[in-house]
Amino acid sequence: MTTTRKIAFITGAGKGIGLETARGLGNKGVHVVLGVRKQAQGEAALQTLRSEGISADLLIFELSKAEDQQKAFDFLNERFGRLDILVNNAGIFLESESTSKPVTTTAATLDMDTLRSLFEVNFFSTVSLTQKLLPLIEKSTAGRIVNLSSIKASLALNATPGSLVYDVKAFGYDASKTALNAFTIQLAYALRNTPIKVNAVHPGWVRSAMGGPAADMDEKEGSETSVYYSLIDENGPSGGFYFKDEVLPW
Ligand SMILES: NC(=O)c1ccc[n+]([C@@H]2O[C@H](COP(=O)([O-])OP(=O)(O)OC[C@H]3O[C@@H](n4cnc5c(N)ncnc54)[C@H](OP(=O)(O)O)[C@@H]3O)[C@@H](O)[C@H]2O)c1
């Protein structure tokens, strides 16, 4: 299929910030491919977006499965021959039910299984998907990669008494997103002589399943930073860490 629309692949697009990011991009004329691991959730999301006039496809996609990463490459390659926008949105928080609930483990006590699980999804699988899809992003005239990080990834803020995150640490989640920030910086450097732009974004504290009911932003507002950095033009930044237009400290 040849299309003049930009093509975006959004992981974890069945609910939360990912679904709103798909809606936001779709409303701006982007063809959105929803990566969703649960069939029923994916079909409901696809049907809703299409009923709103958004051009969309569904790919049943579990981020941590190598075969699903290959399936994503094959689908995008066969349908479009390129990828313009990759939103690495899928992520997990395991240290409490949601970030609205207190975390009782610390860097002194967190068990290795939980730490490894967090890194598997939030870091290793995200890096490996990005590397897998990079040949397709290189075929775009203006490839964009948006990594959903978190303000909790900021080493500078974690080390600063009185900062927003100083007293709400979740070691495994925070460290997995710090690693994702390192990937963002290094991938942007590796691609510095190409048109591809790679940025890390903090969506805000969002009332999704992960953010929980105490969070201060709705999912639509939480998608705005992802949508914005997916659509930056050739003068936009690469290798940065942002919440809306605010530069966050690494
Ligand atoms: N909410 C916040 O306040 C906040 C703040 C900072 C950063 N973030 C980041 O923003 C991103 C989106 O979070 P959210 O708040 O929308 O959370 P959410 O409502 O929990 O949604 C997470 C999405 O990721 C998917 N996912 C998780 N593991 C996956 C896997 N292995 N394979 C495929 N999909 C997977 C989930 O699918 P299922 O429905 O199948 O579980 C879900 O669609 C995350 O990376 C998160 O770390 C969120």
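Above this note sits the structure.
Here goes a summary of the coordinates provided. (Residues numbered from 1 in each chain as written. Predicted model: local features only at pLDDT ≥ 70, side-chain atom pairs only at ≥ 80, totals over all residues. Heavy atoms only, no water.)

**Some words on the overall build of the protein**
Next up, step 1: Within the protein, the secondary structure is distributed over seven helices and eight strands.
Next up, step 2: Whereas a compact globule of 250 residues would reach a radius of gyration of roughly 18 Å, the protein reaches 17 Å, a difference of no more than 12%.
Next up, step 3: In terms of overall dimensions, the protein has a C-alpha envelope of 50 × 40 × 30 Å along the principal axes.
Next up, step 4: Considering only intrachain contacts with a sequence separation of at least 6, the fraction spanning at least 24 residues in the protein is 71%.
Next up, step 5: Taken as a whole, the protein presents about 11,400 Å² of accessible surface, with 54% of it coming from carbon and sulfur.
Next up, step 6: Of the side-chain charges in the protein, 25 are positive and 27 negative, and the distance between the mean point of each set is 3 Å. (Helix = DSSP H or I, 4+ residues; strand = E, 2+ residues; numbered from the N terminus. Rg over C-alpha atoms; globule rule 2.2 N^0.38 Å. Contact = heavy atoms within 4.5 Å. Areas by Shrake-Rupley, 256 points an atom, 1.4 Å probe, with all protein chains shown as cover. Lys, Arg positive; Asp, Glu negative; His and termini not counted. Charge placed at Lys NZ, Arg CZ, Asp CG, Glu CD.)

**Digging into the pairing of strand β4 (residues 85–88)**
Next up, step 1: Covered by surrounding structure in β4 are I85 and V87 together with L86 and N88, the residues of both alternating faces.
Next up, step 2: Here three bridges tie strand β1 (residues 7–11) to β4, and the two strands are oriented parallel to one another. Its bridge partner lying in β4, I10 is registered against V87.
Next up, step 3: As for the winding sense of the linkage, the β-α-β connection from β4 through helix α4 (residues 112–137) to strand β5 (residues 144–148) is right-handed. (Buried < 20%, exposed > 50% of the residue type's maximum accessible area, 1.4 Å probe, protein only. Pairing = 2+ DSSP bridges. Right-handed = clockwise from strand over helix to strand, strands pointing away.)

**Re the pairing of β1**
Next up, step 1: Within β1, five of the five residues are buried, leaving the element largely enclosed by the surrounding structure.
Next up, step 2: Here β1 shows a buried face lined by I7, F9 and T11 and a second buried face lined by A8 and I10.
Next up, step 3: With respect to chirality, the unit in which β1 leads through helix α1 (residues 16–27) into the neighbouring parallel strand β2 (residues 31–36) is right-handed.

**Here we look at the packing of aromatic side chains**
Next up, step 1: Here the structure, examined in full by the defined rule, presents nine aromatic pairs.
Next up, step 2: Here F119 and F123 contribute two aromatic rings whose centre-to-centre distance is 6.1 Å and whose plane-to-plane angle is 75°, an arrangement assigned as edge-to-face. Of the two residues, F119 and F123 both sit in helix α4, four residues apart, roughly one turn of that helix.
Next up, step 3: According to the relative accessible area criterion, F123 is buried, its value standing at 19%.
Next up, step 4: A centroid spacing of 4.6 Å and a plane angle of 10° characterise the contact between Y229 and Y242, whose relative ring orientation is stacked. Here Y229 is found in helix α7 (residues 219–230), whereas its partner Y242 is found in strand β7 (residues 241–243), with 13 residues between them in sequence.
Next up, step 5: Look at Y242 and you get buried, because its relative accessible area is 11%.
Next up, step 6: A network of ring pairs unites the aromatic residues F119, F123 and F124 as a single cluster. (Phe/Tyr/Trp six-rings, centres within 6.5 Å; stacked < 30°, edge-to-face > 60°.)

That's the geometry; what it means functionally is another story.
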